[in-house]
Amino acid sequence: MGTVISLALPANGPGTPDSATALAGAAAAVERVFTGLDETFSLYRPGSEASRLARGALTLRDTSAAFRARFADAAGWRLLTAGFFTAERPDGVLDLSGIIKGYAIDQAGAALGAAGLTDWCLNAGGDVLVSGSPAPGTGIPWQAGVVDPQNRGMLLSGCPLGSTGRFSALATSGTAERGNHIWRAGAGRTGFGALEFRQVSVAAPDILTADVLATAVVAGGKQMLDRATDGWDVEVLAVLGGGELLATPGFRA
């Protein structure tokens, strides 16, 4: 998926691997999830279903059930976000990458759970999902950092995740690393336009909600920020174009 994925596990404690073999098995389970989804949904793989659909060699009706299910997810999120999140690119190509990374992280977490792991932190390109604690049995949460888009060597904030707390996921979207690559419905022929926020981080109970809403708020600005905080149990930290911050109470605290 063109991103770096890291898996952190406590050194010891309940639900942690007791050998290098078990640790390698956990990493392999995560890799299988991401590789499998990339083979289906990547527009950089000529033979993927996504690429075949984009060039007209395949119709949506003839795609796999898994592909249609993710398309349905994306369509549902488009309705929930008033079009600020959409899988339809300005050129008409269906691009599910905006929902697949969050889905992949979620499925990788499920694979870790199925392997008997209860304490872990999974980071895929800055989007984080955790379970349990870095110190099993202590109730200490994992700590995820939010990078300053104007100085990538600094942190704007920290966010506690897991250990029976309110949130298990944190996702960040913005233009600091890849420029303005976020499109939205109703933004004209190009699909792009001036953005109020340079970066948006969303903490949520699940990674898919965090990931989708972070993208939607970048695309929709303060209007979508209000919609997100009114409609979902989330906390948001948004960086305006000039570097000013907007934060919901959880991040301000």
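Up top is the structure these notes are about.
Thresholds applied
- Residues numbered from 1 in each chain as written.
- Predicted model: local features only at pLDDT ≥ 70, side-chain atom pairs only at ≥ 80, totals over all residues.
- Heavy atoms only, no water.
- Core = buried A, V, L, I, M, F, W, Y, C linked by side-chain atoms within 4.5 Å.
- Buried < 20%, exposed > 50% of the residue type's maximum accessible area, 1.4 Å probe, protein only.
- Helix = DSSP H or I, 4+ residues; strand = E, 2+ residues; numbered from the N terminus.
- Contact = heavy atoms within 4.5 Å.
- Pairing = 2+ DSSP bridges.
- Axes fitted to C-alpha atoms, helices over the stretch in contact; angles between N-to-C directions.
- Salt bridge = Lys/Arg side-chain N within 4 Å of Asp/Glu carboxyl O.
- Parallel < 35°, antiparallel > 145°, perpendicular 65-115°, else oblique.
- Left-handed = near helix turned anticlockwise from the far one by under 90°.
- Nonpolar A, V, L, I, M, F, W, Y, C, P; charged D, E, K, R; others polar.

**Quick word on the nonpolar core**
Phase 1: Within the largest apolar cluster, 52 residues are counted, with the highest numbers of intra-cluster contacts made by Leu 96, Ile 99, Val 200 and Val 202.
Phase 2: If you tally residues by element for this core, the top one is helix α5 (residues 207-231), at 13 residues.
Phase 3: The residues touching Val 200, leaving out its near neighbours within four places in the chain, are Ala 171, Thr 172, Ser 173, Ala 214, Val 217, Val 218, Val 236, Leu 237 and Ala 238.
Phase 4: Val 130, Trp 142, Val 146 and Phe 167 belong to the second-largest nonpolar core, a separate cluster that totals 13 residues.

**Here we look at the sheet that holds strand β2 (residues 120-124)**
Phase 1: Read across the sheet, seven strands follow the order β1-β2-β3-β6-β7-β8-β9 without closing on themselves; strand pairing throughout is antiparallel. Of all strands in the sheet, those bounded by a partner on one side alone are β1 (5-8) and β9 (245-247). Ignoring which end each strand starts from, the neighbouring axes of this sheet average 10° apart.
Phase 2: In this structure, strand β6 (residues 169-174) lies alongside strand β7 (residues 197-204), joined through six bridges in antiparallel fashion.

**As for the side chain of Ser 133**
Phase 1: Positionally, Ser 133 belongs in the loop between β3 (127-131) and β4 (142-148).
Phase 2: Residue Ser 133 is classed as buried on the basis of its relative accessible area of 3%.
Phase 3: Apart from the residues within four sequence positions on either side, Ser 133 is in contact with Pro 10, Asp 119, Thr 138, Ile 140, Trp 142 and Ser 163.

**A short note on the pattern of salt bridges**
Phase 1: According to the stated counting rule, one finds eight salt bridges in the structure shown.
Phase 2: The closest approach of N and O atoms between Asp 127 and Lys 101, which form a salt bridge, is 3.2 Å. Separated by 26 residues along the polypeptide, Asp 127 in strand β3 and Lys 101 in helix α4 (residues 97-114) bring together distant segments of the chain.
Phase 3: Between Asp 233 and Arg 166 there is a salt bridge, and its shortest N-O distance comes to 2.7 Å. On the criterion of sequence distance, the pair formed by Asp 233 in the loop between α5 and β8 (235-240) and Arg 166 in the loop between β5 (151-161) and β6 is long-range, its members being 67 residues apart.

**Section: the packing of helix α3 (residues 65-80) against α4**
Phase 1: It is at 10 Å that the axes of α3 and α4 come closest, and there the two elements cross at 110°. With respect to their mutual orientation, α3 and α4 come out roughly perpendicular. The two elements α3 and α4 meet at a crossing, and its hand is right-handed. Residues Arg 70, Asp 73, Ala 74 and Trp 77 of α3 pack against Ile 99, Ile 100 and Tyr 103 of α4.
Phase 2: For the contact of α3 with α4, the per-class residue count stands at five nonpolar, no polar and two charged.

Geometric descriptors of this kind do not, in isolation, establish any biological role.
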